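Spelled out, the chains give:
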Amino acid sequence: MAITIDEAYFDALADSVIDGEDEDCVRLVNDGLEAGVDPLEAVEKGLAKGINQVGVDFGAGVIFLPELAMAADTMKMGAAILDEKIRESGSKRMSHGTIVIGTIKGDIHDIGKSVVAAVLQANGYNVVDIGIDVDIDTFIQALKDNNADVLGMSTLLTLPLMTMGEVIEKLKEVGMRDKIKVIVGGCPVTQEFADEIGADAVGFDAQDAVVKLDGLMGVNRQVAVARG
Ligand code: B1M
């Protein structure tokens, strides 16, 4: 059925992410594409609006982990279809820089890192998510392969924390530290720890990661506010 591309459409797309409704999201994306929606606009006015709201609501304690993880998965599903169309059409997606992000060696926690990756992607960063349990050399190689501007490291565990510092030391050893900004995050990561290992910034949640990265990359934008 043909649909109209208007504010109500973009709001429905955002709501499908907020509610973690995969089927609705995919249907809306496909119907929108059929009706001629600009895929870039669908990402920015629909999916990004939704995941930004979810990130803010989670930070404010309005929603909890299951809703957050579901929203991240839904967003990824819709973005995968739209990213493909963006590449096909040759239209340029705004990019503030390329970030390689992963959870460090010894840690298999995936959800927070993936939310951060999705929110950064939604906010105009080119995100290369290299997964979980990532060792030092894999981080370095991925930065080289992707000609990245930023290294993002996540951990939720205390034990492998120091590995983050070792990756930064390795960056120095191979002469890449000057060209790569480093942002770290995860619940045991404090500002003091980030300073100690020589990271450029710490993100306390996904929205904060965007704000901190924008600061490092010189990007100005308005930030969403928590509901209710
Ligand atoms: Co694990 N776990 N877990 N766990 N787990 C914690 C982290 C723990 C605090 C639970 C506890 O004991 N209270 C504890 C860590 C203790 C410690 O070291 N201090 C713990 C443990 C001990 C373990 C195991 C060792 C348990 C075991 O096997 N004995 C094991 C780890 C094995 C390993 O990794 N080698 C383990 C396993 C698991 C599951 C697999 C069952 C599951 C993970 C599933 C998955 O990821 N696919 C799991 C879960 C779900 C948790 C808790 C309950 C929730 C984590 C989560 O997803 N939070 C967690 C307790 C808790 O945090 N309440 C716990 C939601 C997520 C959105 O938040 O990841 O913090 P978070 O990410 C936030 C911010 O931190 C920030 O932004 C995100 C979005 O707001 N952020 C960044 C994160 N990364 C960032 C990077 C940035 C910027 C911001 O820039 C790059």
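Residues numbered from 1 in each chain as written. Predicted model: local features only at pLDDT ≥ 70, side-chain atom pairs only at ≥ 80, totals over all residues. Heavy atoms only, no water.

1. Some points on the domain arrangement of the protein
It is common to give the size of an interface as the accessible area lost on bringing the parts into contact.
1) Next: Along its sequence, the protein is carved into domain 1 (7-89) and domain 2 (98-217).
2) Next: Here domain 1 and domain 2 have C-alpha centroids that lie 24 Å from each other.
3) Next: Across the boundary between the two partners, domain 1 contributes 14 residues, which contact 11 residues of domain 2.
4) Next: Both sides together, the interface formed by domain 1 and domain 2 hides about 970 Å², and carbon and sulfur atoms give 68% of it.
5) Next: Broken down residue by residue, the surface that domain 1 buries against domain 2 is led by Ile51, Asn52 and Lys76, which jointly contribute 36%.
6) Next: If you look at where domain 1 meets domain 2, you find 0 salt bridges.
7) Next: For the pair domain 1 and domain 2, the number of links is 1 residue pair in polar contact (both at pLDDT 80 or more).
8) Next: The set of elements that each furnish at least two residues to the side of domain 1 that touches domain 2 consists of α3 (39-59) and α4 (65-89).
9) Next: Of all the elements, α4 adds the most residues to the side of domain 1 that touches domain 2, at 8 residues.
10) Next: Of the residues in the side of domain 1 that touches domain 2, the class split is 9 nonpolar, 3 polar and 2 charged. (Domains from an automatic or database assignment. Contact = heavy atoms within 4.5 Å. Buried area = accessible area lost by both parts, 1.4 Å probe. Salt bridge = Lys/Arg side-chain N within 4 Å of Asp/Glu carboxyl O. Polar contact = N/O pair within 3.5 Å; in protein donor to acceptor, adjacent residues only side chain to side chain. Helix = DSSP H or I, 4+ residues; strand = E, 2+ residues; numbered from the N terminus. Nonpolar A, V, L, I, M, F, W, Y, C, P; charged D, E, K, R; others polar.)

2. Details of the sheet that holds strand β5 (residues 201-203)
1) Next: Spatially, β2-β1-β3-β4-β5 is the arrangement adopted by the 5 strands of the open sheet, whose pairing is parallel. Every interior strand has two partners, whereas the edge strands, β2 (126-129) and β5, have only one. The average angle at which neighbouring strand axes cross in this sheet is 25°, direction not considered.
2) Next: Of the strand pairs in this sheet, strand β4 (residues 181-185) and β5 are connected by 3 bridges, and their pairing is parallel. The partner of Ile183 across the bridge, within β5, is Ala201.
3) Next: In the packing of helix α6 (residues 136-145) onto the sheet, contacts are made with β1 (98-103) and β3 (150-154), and the angle to β3 comes to roughly 150°.
4) Next: Strands β3 and β4 of the sheet are contacted by helix α7 (residues 161-173), whose axis makes an angle of about 160° with β3. (Pairing = 2+ DSSP bridges. Axes fitted to C-alpha atoms, helices over the stretch in contact; angles between N-to-C directions.)

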